[in-house]
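Okay, here's what each chain looks like letter by letter:
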Amino acid sequence: MNDAATPDHNAGISGSDNDVAAGSQPPADGPTRRSVLRTSAGVAGAGVAVGAFGAPAAEAAPAAPAAAVAGTGEHAAPPRQGRTMAGVPFERRGTVRLGIIGLGNRGGSMIDLFLALPGVRVVALCDPVKAKCERAAAKVVAAGQPSPAVYAKGEDDYRELCERGDLDLVYVATPWETHFTIAKAALLGGKHVGVECPVAMRLDELWALVDLSERTRRHCMQLENCCYGRNEMRVLRMAHAGLFGELLHGAGAYNHDLRALMFDPDYYEGPWRRLWHTRLRGDLYPNHGFGPVANYMDVNRGDRVVSISSFGTPALGLAEYREANMEPGHPSFKESYVSADRTVSMVRTAKGRIIRLEHDVSTPHPYSRINSLGGTKGVFEDYPARIYVEPDHTDHRWGDFARYADWDHWLWKEHANPPGGHGGMDYIMLLRLVQTMRLGLVPDFDVYDAAVWTAPVPLSHLSIKAQGAPLPIPDFTRGEWRRTRPGVDSAKPTD
């Protein structure tokens, strides 16, 4: 998660110094291997082939049949290869033995929070830049822990880490194109894995992670810190208590001016993030906005998202910034940007609710995740935070959200001033993850949430190319969404 003045999640991670990092796939207009869109009968029946990045092989994807979009489509999901991971607890353990892959801006800062938590031992570190591993290892030793094993021989050395027998959790903070392959290696190595956003870039990769999690009986989690923001957790509790009435609509976004950072050769250690703007037209980073709203609406826990329709503006912002700020001959002048400067997606749920998602990192504007929720009794909107709910408000004027502090989640009541960046939500997220692992509890979110929150990446691209045609969102739970169960709003442990 990023606020207006803090770095991006995966910035500066090693393994992306070249134009296309090892483990990444070729551009969408030139796939070297076949990839078929695995989703509900509508898209599969329409024959939408996708390239290496989830982009359609043809210039425009055909629209899915209306019947397929309207239905839940869970009957059309691929056969389950294992058993569901919904509601499956961690094995109880006194110490969480951790391996970290990626020690750039994000991983290099998150290690400080892991070391601040009781019951965490950092066992292994991996980054192709040896100096980063050495700096991180020095932090581990300074915290009073044994010197960790270091894997810094190259882009694929993470595989050795994932095969270790003394790790419980692998944390992944690397460039997007490597997330799937590293998560896959961790699961096959018998490790639980937490991945920074997005968990993968293609629908077939999302299905593969679901299947692997179910077969290996290991959790694959999207570590979405915005779900643990103080405002988000307060709204979550209020929504579940019925203060907004019957929920009707919500909105989330990642609107953050990243132009200067994407052209900074040191910040992202190469152009890996900017290059994604040459490959996909849609929402490249939906998780920050989508995750919290999905939690409010109990997506995968009583409701599910069934379709997405996306629209995008022309892609002008990055080229204009390049023209104004880069010297002639800069490598970026060889790049052609296709990602819409502003993407707007409308997501519909099985209960008829709607969720608006936005993405804009290429134009000047203040930071906003929107974070809005509305129901039959009122509405909340963030940036700035404001609320209007009956019977508290009847004058058609916004109320002060600070007056609702009593609704803070128990995690924020116990840790009112948490350390770390992004207002403390990073620390709260890791605190809760480690707590669930040590106490043998069900994690707050699972591989199905990771897949749903990330699905707009390839699907928004396909929908934009199909002139905003609604496309089905797969039921990654294979029908489990009908069963209500706790999520981020879980009860405080008694242990």
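As the structure is a prediction and not an experimental result, all values here were calculated from the model.

Calculation criteria
Residues numbered from 1 in each chain as written. Predicted model: local features only at pLDDT ≥ 70, side-chain atom pairs only at ≥ 80, totals over all residues. Heavy atoms only, no water. Buried < 20%, exposed > 50% of the residue type's maximum accessible area, 1.4 Å probe, protein only. Helix = DSSP H or I, 4+ residues; strand = E, 2+ residues; numbered from the N terminus. Arc of directions from axis to C-beta. Contact = heavy atoms within 4.5 Å. Salt bridge = Lys/Arg side-chain N within 4 Å of Asp/Glu carboxyl O. Disulfide = S-S within 2.5 Å. Core = buried A, V, L, I, M, F, W, Y, C linked by side-chain atoms within 4.5 Å. Domains from an automatic or database assignment. Pairing = 2+ DSSP bridges.

Draft legend 1. Inspection of helix H12 (residues 317–325) at higher detail. Looking at H12, one finds that the buried residues are Gly317, Leu318, Tyr321 and Arg322. Angular distribution of buried residues about the axis of H12 spans 130 degrees; they occupy a single face of the element. Exposed residues pointing more than 90 degrees away from the buried face of H12 are listed as Glu320, Glu323 and Ala324. At its buried positions, H12 is contacted by helix H9 (259–262) and helix H10 (272–275).

Draft legend 2. Region of interest: the pattern of salt bridges. Using the criterion set out here, one finds 30 salt bridges in the structure. For Glu214, the salt bridge is made with Arg80, and the minimal N-O distance between the two is 2.4 Å. Linking Glu214 in helix H7 (residues 203–216) with Arg80 in the loop between helix H2 (66–70) and strand E3 (96–101), this pair joins segments that are 134 residues apart in sequence. Taking the shortest distance from any N to any O, the salt bridge between Arg164 and Asp166 comes out at 2.8 Å. In the salt-bridge network here, residues are joined through shared partners; they are Glu91, Arg93, Arg97, Asp168 and Arg218.

Draft legend 3. Broad picture of the state of the cysteines. Evaluated as defined, the whole model comprises zero disulfides. Summary of cysteine pairing: Cys126 is not part of a disulfide, and the nearest cysteine sulfur, belonging to Cys133, is at 6.2 Å. Looking at Cys126, the relative accessible area reads 4%, which means it is buried. Here Cys227 is not cross-linked by a disulfide; its sulfur's nearest cysteine counterpart is in Cys226, at 7.3 Å.

Draft legend 4. Up close: the nonpolar core. In terms of nonpolar packing, the biggest core is built from 107 residues, with Ile100, Leu161, Val193, Leu209, Tyr228, Phe244 and Phe476 touching the most fellow members. The element that contributes the greatest number of residues to this core is helix H14 (residues 425–439), accounting for eight residues. Structurally, this core is a two-domain feature, drawing no fewer than three residues from each of domain 1 (96–222) and domain 2 (226–410 + 445–472). If we skip the residues at most four places from it in the chain, Phe476 touches Leu203, Leu206, Trp207, Val210, Tyr448, Ala451, Val452 and Ala455.

Draft legend 5. The environment of Glu232, seen in detail. For Glu232, the position within the fold is in helix H8 (residues 230–240). Note: C-alpha distance between Glu232 and Tyr296 (64 residues apart in sequence) is 8.7 Å. In this structure Glu232 touches Cys226, Cys227, Pro292, Tyr296, Arg369 and Asn371, once residues within four positions along its chain are discounted.

Draft legend 6. Structural context of the pairing of strand E13 (residues 372–375). Of the two faces of E13, the one holding Ser372 and Gly374 and the one holding Leu373 and Gly375 are both buried throughout. Relative to E13, strand E9 (residues 247–255) runs antiparallel, the two sharing four bridges. Bridge pairing in E13 places Ala251 opposite Ser372. Here three bridges tie E13 to strand E14 (residues 378–381), and the two strands are oriented antiparallel to one another. If you follow Leu373 over to E14, its bridge partner there is Phe380.

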